[in-house]
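Single-letter residue listing:
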Amino acid sequence: LACSHHHCAFPLNRNQLCIWNTATAQPLHLSGHHYSISAVSFGSKTNPLLVCSASREFVIVWNLDECTRQVQEGLTPRGIVIGTLLGTVLHVRFSLDDQQVAVCAGNRIYMLSAKNEAILAELDGHLAPVTAAEFCTWEKSMLISVSEDRTFKARKVWDYFTSQLIYQSGVLTAFPLLSLLIDEDNKQIITGCAEGQLWIFSLISDHNYRCVTHINLKKKQEKFCNKVRKSGKEIGEGQNNSRLCKTNNMTPEGSVEASLPILLIERCDFSVCFHNEENISSALNTSYFWIGSSTGLLIINLANFELEGVLSYKDYSDLSIQFAGSCALTRKAVNGKVLCLITSMFEDMIAVLEVNLAALVRTQQSDFLLRASEKSLSVISRYKIILNASFFDLDYAFLFLTLKCIRCMVKDQPLVFHNKIKSSGYTAAPHMTMFSPNINVKKNEVSKRKTNCKCKNKEYPLESYPPIKFEKERSFTCKPTPICCIQYSG
């Protein structure tokens, strides 16, 4: 699938390419493939607008202006075959000047000319099929690719005849890497795998491709849904605020948990969500991206790596596709709306969605939900007391109590966090008695303990053999847990 400013491209009857003009609602059918089309991509320029389609036997470049003119004249539109019998193609991408096309077929990347049938370069090095490749916008000779071997590679290609591998990452995850995007503003690459994990790497020369962050989208989505659900309940309008997360409640026992493959990473035109100049300027200084998965669309803010909006396919009963096999998005919003093209994972079905970006984000933001209520609200933070622990956390001032230390009834009281938090337990005496001494101990027992401590505190002789006699075994956890430190209390 592929989307441009006013065009959507998708396979029709497996081996035909359909170009749908969203402005005129007129389809353009292009025939030339004999096998199923497996990859489609639009060119980087709009005049002329090119589209490339690939199958097992042909890689064809179409000029949409010429094809439209040929159809109006009653002729059959024809494209330029630039590649033949390259194998199963998973991804195609035009260069920045639309002069070359990178074709990912099997474990290799073929650099083809967009004007005639010629293989300019053949790049190898991956151990599994290459799933995506992108050209660097500020360094035109650099090509970055990801593969099912769970690594990414950065190459420099001079004149598309000679190439040099300049960086190869290690194995990032246990799942194949499926998608890739180059962030021109921050000079970073973003890649996603088949299990909902995002990695962001820096492309600045001095950073040596270091990992900026790793994001678990499953946890981010669950956190975002819980926040929106709680905001809706606090204002008493939880049923009408949004369609978000109606199906994302607690997973019932015996149900199957769906994975979250990252099928697409695309830039998001987030400026349409703001109206005044101050918010627009702050939005322009922050990068927002669409994340397309099999269950829905997510909007992520790269400034704080948090989600700004979630669209779940299951929440819309009139949508015939609930699990997407592939998706494509338009980069820029037209009249505040973004076109999304998805295909079904299990059926031969394609759906075109028109997403109102501003409405989607505003109805899921907590400040919008709070403005919907006339009453002023105060948010109360509650934290669960964890038993069988006895330590303090300095950063967050969480208090953990042991079960033996609780001698009075603990009431369920709200815990309010202020702007300035003083950490207790380090500079001042504790407010409650954590451990009370046992004064009813006989003298014989005390003397025995002292003698035992003296014996155990002796240094182990260096000339002796290591201990091999088994004395006792104590279980402290219900599951296998690594023990990092042992300390004797005396």
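Conventions and cut-offs
Residues numbered from 1 in each chain as written. Predicted model: local features only at pLDDT ≥ 70, side-chain atom pairs only at ≥ 80, totals over all residues. Heavy atoms only, no water. Buried < 20%, exposed > 50% of the residue type's maximum accessible area, 1.4 Å probe, protein only. Helix = DSSP H or I, 4+ residues; strand = E, 2+ residues; numbered from the N terminus. Arc of directions from axis to C-beta. Contact = heavy atoms within 4.5 Å. Polar contact = N/O pair within 3.5 Å; in protein donor to acceptor, adjacent residues only side chain to side chain. Pairing = 2+ DSSP bridges. Axes fitted to C-alpha atoms, helices over the stretch in contact; angles between N-to-C directions.

Peer 1: Please give an account of helix 1 (residues 64-72) that cites residues and values.
Peer 2: Among the residues making up helix 1, those that are buried are Leu64, Cys67 and Gln70. Looking down the long axis of helix 1, one finds its buried residues gathered within 125 degrees of arc, a one-sided arrangement. As for helix 1, its buried residues are in contact with strand 2 (7-12), strand 3 (16-21), strand 4 (26-31), strand 5 (39-42), strand 6 (50-54) and strand 7 (58-63). Its side-chain oxygen placed 3.2 Å from the backbone nitrogen of Asp65, Asn63 serves as the N-cap of helix 1. Downstream of helix 1 by one or two residues, Gly74 has phi in the positive range, about 85 degrees.

Peer 1: Pulling in residues and values, what's your account of the sheet that holds strand 9 (residues 89-94)?
Peer 2: The strand order across the open sheet built from 4 strands is 9-10-11-12, with neighbouring strands paired in antiparallel fashion. Two strands bound the open sheet, and with one partner strand each, they are strand 9 and strand 12 (119-123). When strand polarity is set aside, the average angle formed by the axes of neighbouring strands in this sheet is 20 degrees. As paired strands, strand 10 (residues 100-105) and strand 11 (residues 108-113) are joined by 6 bridges and run antiparallel to one another. Residue Cys104 lies in a different strand from strand 11, and its bridge partner there is Ile109.

Peer 1: Residues and numbers for the sheet that holds strand 26 (residues 337-344), please.
Peer 2: If you walk across this open sheet you meet the 3 strands as 25-26-27, and the pairing is antiparallel. Either end of the sheet is taken by a strand with one partner, and the two such strands are strand 25 (324-329) and strand 27 (350-356). On average, each strand axis in the sheet is tilted by 25 degrees relative to the strand beside it, whichever way the strands run. Taken together, the 7 bridges between strand 26 and strand 27 define a ladder with antiparallel strand orientation. Residue pairing in the sheet places Thr343 in a bridge with Ile350 of strand 27.

All we've got here are geometric facts, nothing functional implied.
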